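For reference, the chains in residue letters:
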Amino acid sequence: MSLPIKDILNITLRLTITCLVAGFLMGVSFIFTNDAKKQNAYNNEERVSYSLLGYSGDAKKPENLKIHNVYRYVIEDDAVQYIAYLLPSAENEFTLLRISLEGEFVDQKTLQLSPAQSIDAPERERAITSALAPKHVALRYAENIRIVTLDNKLNAYIVNGAYPGFKTHINMMLALSKDYDILGLEILEHEEDPGLGAEIEQDYFRGQFVGLGYERLQELDVARKPIPDEYVKALEKKLADDEAQNVLAKHRNDDIYALTGATVSSRAVCNGVKVIVKRFAFRIQILNKVLQNQKIKTTFSEASSEL
Amino acid sequence: MRNQLSKTGLLARGILGENPVFKLALSMCPAVGISTTVMNGIMLGVAVIFVQIFSSLTIALIKNLIHPRIRIPTYTLTIATWVTIIDLVLAAFFPEAYAKMGIFVKLIVAFAIITMRLEMFASKESVSDSIFDALGMGIGFLVGMVAIGFVRELLGSGMILGHDVLGYKPLLFFILPCAGFFVVGFMMAFFNWIEAVYRKKMEERT
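Residues numbered from 1 in each chain as written. Chains lettered and ligands numbered in written order. Predicted model: local features only at pLDDT ≥ 70, side-chain atom pairs only at ≥ 80, totals over all residues. Heavy atoms only, no water.

(A) The overall build of chain A, seen in detail. The helix and strand inventory of chain A stands at nine helices and 10 strands. For chain A, the proportion of its 307 residues judged to be buried stands at 44%. Counting only contacts in chain A whose residues sit at least 6 apart along the sequence, the fraction spanning at least 24 positions is 55%. By element, 52% of the accessible surface of chain A is carried by carbon and sulfur atoms, the whole surface being about 16500 Å². (Helix = DSSP H or I, 4+ residues; strand = E, 2+ residues; numbered from the N terminus. Buried < 20%, exposed > 50% of the residue type's maximum accessible area, 1.4 Å probe, protein only. Contact = heavy atoms within 4.5 Å. Areas by Shrake-Rupley, 256 points an atom, 1.4 Å probe, with all protein chains shown as cover.)

What follows is the structure, encoded as structure tokens:
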């Protein structure tokens, strides 16, 4: 049965109008919600950062605790690659620092960015591209490092990273002390199986990483045996303080206990943490060397001698 | 207008007589895939209620404008639009709820139950009846998901709503996807058996 041309046109017209109306409605709601959504995502990351440092719920954060956002980019310029750091240098001002792959200083430029603009990825990239103009470069965003200072002294680092899990990447956030000891681990996004791999979110799993030193971390392994009950209770903070301290100290040198039925996910988190910390320690030392040698001013300058 | 039922009748039909999970056997994918805990069931159920009400309302309003040959694409577009809008609004203004419900809202675009209610009911009946039908079906779906989630969470991880009630894990099997089919199947049989027994009693009485 074939349709007369009039009906075909009628149907096409109606479908087009329906699509246009739907598109219009979605577009309008996107415009009204986008800024709030971005701000929420940023607030959420900030909240997670503070909770990793131990300031969540009732624990008020000290007033002189500041988080300095540093953004790392990879810049490709006529087949030569550079590492670029966007460092906060003053209010509404950032320094774009370029370092060669060998870790040598290349150049630095100052650019104007308000705090609201700096949390918006396209705004940041626009500012970087215009600072490097007229030369056209390919820009690739790598990561956001948060340098935490307390009374202008280096307090901690907060690092993001991803590692392949059972299905897709597991995104995690780590708080590290200045000697790269793990202060906290948060699993941000993952698609592990509910009830199995998704248990990596639980306190008793994440808590096993807290307090591990840099050296210990490099030889850390996943143990395929059940986790002792007292250890779980201590990690979930169900024990009295001094008792919990004893239990935690007793298991301090244990490997990470794999989750029941989710060895792959457990191992993915363990390897991810290892890799993220190792890479970060390597990069921050290079960055710090350049900052010291070139005497580059940043909002965390006073703390950077300890980096 | 062919609908003979009162508003409360419409509500009750969605929850009991034509429960989308146990009677109509619609939207089995989420019922099997997501229902590992009671909380997941509640979240998905609430999300479905919202999308179902808004979509039914829209279709009931524009039912005379829809060309019969393109009604399915129109339903899909309507549902997709509402899912997107609800997703965006939740993400922007209710970030805490979104953190828990976000992934469930996006899933709903492909739900058979919503398209089916638009086709069977909203595209033929009045606006107010459609809203009550949508509410009834949504609540029915919520009840179904919570019931399945209850069994699976209790038997699979020994917990209810994240609270340890048994103190041990009876059978890990129950939170694996395959157990979803068993639980749904047995519960479906159980509810149909209750209905059969009830019908028989009613017949004997009359």
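Alright, that's what it looks like, and here's the rest.
(B) Examining the confidence of the model for chain B more closely. All names here are of chain B. In this model, chain B carries an average pLDDT of 85, and 99% of its residues clear a pLDDT of 70 or more. When the elements of chain B are averaged for pLDDT, strand β2 (residues 163–164) gives the smallest value, 77, and helix α4 (residues 71–93) the largest, 90. Both scores are given for the predicted complex: the pTM is 0.70, the ipTM 0.77. (pLDDT = per-residue confidence, 0-100.)

(C) View of the nonpolar core. Formed by 56 residues in total, the largest nonpolar core has its most connected members in Tyr85, Leu97, Tyr157, Phe209, Val269 and Val273 of chain A. Once residues within four sequence positions are removed from consideration, Val269 of chain A is found in contact with Ile170, Met172, Leu185, Ile187, Ile200, Phe205 and Phe209 of chain A. Counting 40 residues, the second largest nonpolar core, distinct from the first, contains Leu26, Val32, Leu90 and Ile114 of chain B. (Core = buried A, V, L, I, M, F, W, Y, C linked by side-chain atoms within 4.5 Å.)

(D) Spotlight on the interface of chain B and chain A. In this complex, chain B contributes 21 residues to the contact, which on the side of chain A involves 21 residues. Of the roughly 2000 Å² buried between chain B and chain A, counting both surfaces, carbon and sulfur atoms make up 74%. Viewed at the interface, chain A and chain B are joined by zero salt bridges. Per-class residue counts for the side of chain B that touches chain A are 15 nonpolar, five polar and one charged. (Buried area = accessible area lost by both parts, 1.4 Å probe. Salt bridge = Lys/Arg side-chain N within 4 Å of Asp/Glu carboxyl O. Nonpolar A, V, L, I, M, F, W, Y, C, P; charged D, E, K, R; others polar.)

(E) The arrangement of the packing of helix α3 (residues 38–62) of chain B against helix α6 (residues 112–122) of chain B in detail. All names here are of chain B. The contact between α3 and α6 brings their axes to 10 Å, and the two run at 35°. α6 is crossed by α3, and the crossing has right-handed handedness. For the pair α3 and α6, the contacting residues are Val51, Gln52, Ser55, Ser56, Ile59 and Ala60 in the first and Ile113, Ile114, Arg117, Leu118 and Ala122 in the second. Looking at side-chain class alone, the contact of α3 with α6 contains seven nonpolar, three polar and one charged residues. (Axes fitted to C-alpha atoms, helices over the stretch in contact; angles between N-to-C directions. Left-handed = near helix turned anticlockwise from the far one by under 90°.)

(F) Highlighting the pattern of salt bridges. All names here are of chain A. Counted under the stated rule, the structure contains 20 salt bridges over all chains. In this structure, the salt-bridge partner of Arg98 is Asp77, at a minimum N-O distance of 3.7 Å. Here Arg98, found in strand β3 (residues 93–100), pairs with Asp77, found in strand β1 (residues 65–77); they are 21 residues apart in sequence, far enough to count as distant. Looking at Asp77, the relative accessible area reads 5%, which means it is buried.

(G) Looking closely at the packing of aromatic side chains. Evaluated as defined, the whole model comprises 14 aromatic pairs over all chains. Residues Phe190 of chain B and Phe191 of chain B carry aromatic rings whose centres are separated by 5.7 Å and whose planes lie at 70° to one another, so their mutual orientation is edge-to-face. Here the aromatic cluster, defined as three or more aromatic residues joined through ring pairs, consists of Tyr157, Tyr180, Tyr214 and Phe280 of chain A. When the ring centre of Tyr82 of chain A is taken as origin, the NZ or CZ atom of Arg98 of chain A, which lies over that ring, is 4.7 Å away. (Phe/Tyr/Trp six-rings, centres within 6.5 Å; stacked < 30°, edge-to-face > 60°. Lys NZ or Arg CZ within 6 Å of the ring centre and 35° of its normal.)

(H) Local environment of the environment of Leu16 of chain B. Its place among the elements puts Leu16 of chain B in helix α1 (residues 7–17). Considering only alpha carbons, one finds Leu16 of chain B and Gly144 of chain B, 128 residues apart in sequence, at a separation of 10.0 Å.

(I) Highlighting the sheet that holds strand β2 (residues 80–90) of chain A. All names here are of chain A. Taken together, eight strands build an open sheet; the order of strands is β4-β3-β2-β1-β5-β6-β7-β8 and the sheet is antiparallel. Because the sheet does not close on itself, it has two edges, and the strands there are β4 (105–112) and β8 (182–189). Strand-to-strand, the axes of this sheet are offset by a mean angle of 25°, without reference to chain direction. Here 12 bridges tie β1 to strand β5 (residues 138–150), and the two strands are oriented antiparallel to one another. Its bridge partner being in β5, Ile67 is matched across the sheet by Val148. (Pairing = 2+ DSSP bridges.)

(J) Representation of the pairing of β2 of chain A in the model. Residues and elements named next belong to chain A. Buried residues dominate β2, accounting for eight of its 11 residues. Bridge count for β1 against β2 is seven bridges, and the pairing is antiparallel. Note that in β2 the partner of Ile75 across the bridge is Tyr82. With antiparallel pairing between neighbouring strands as the criterion, β1 and β2 make up a hairpin whose turn holds two residues, including Asp78 at a positive phi of roughly 50°. From the end of β2 to the start of β3, which pair antiparallel, there are two residues, and Asn92 there has a positive phi angle of about 60°.

(K) Inspection of the side chain of Asn144 of chain A at higher detail. Residues and elements named next belong to chain A. As for its position among the elements, Asn144 is in strand β5. Only 3.4 Å separates the side chain of Asn144 from the side chain of Asn69, close enough to count as a polar contact. Non-local contacts of Asn144, meaning those with residues more than four positions away in its chain, are made with Glu45, Asn69, Val70, Tyr71, Ile158 and Asn160. (Polar contact = N/O pair within 3.5 Å; in protein donor to acceptor, adjacent residues only side chain to side chain.)

(L) Structural view of helix α3 (residues 121–132) of chain A. Residues and elements named next belong to chain A. The terminal C-alpha atoms of α3, which comprises 12 residues, lie 17 Å apart, in line with the 16 Å expected from a rise of 1.5 Å per residue. Listed as buried for α3 are Arg124, Ala127, Ile128, Ala131 and Leu132. Projected down its long axis, α3 shows its buried positions confined to an angular sector of 125°, all on one face. Pointing more than 90 degrees away from the buried face of α3 are the exposed residues Arg126 and Ser130. For α3, the secondary structure elements touched by its buried residues are β1, β2, β3, β4, α2 (115–118) and β5. (Expected span 1.5 Å × (residues − 1). Arc of directions from axis to C-beta.)

(M) Spotlight on unusual backbone geometry. All names here are of chain A. For Asn92, which is not glycine, the phi dihedral falls at a positive 60°. Within the secondary structure, Asn92 is located in the loop between β2 and β3. Residue class for Asn92 comes out partly exposed when judged on its relative accessible area of 36%. Phi at Asn152 takes a positive value of approximately 60°, unusual for a residue other than glycine. When you line up the elements, Asn152 lands in the loop between β5 and β6 (153–164).

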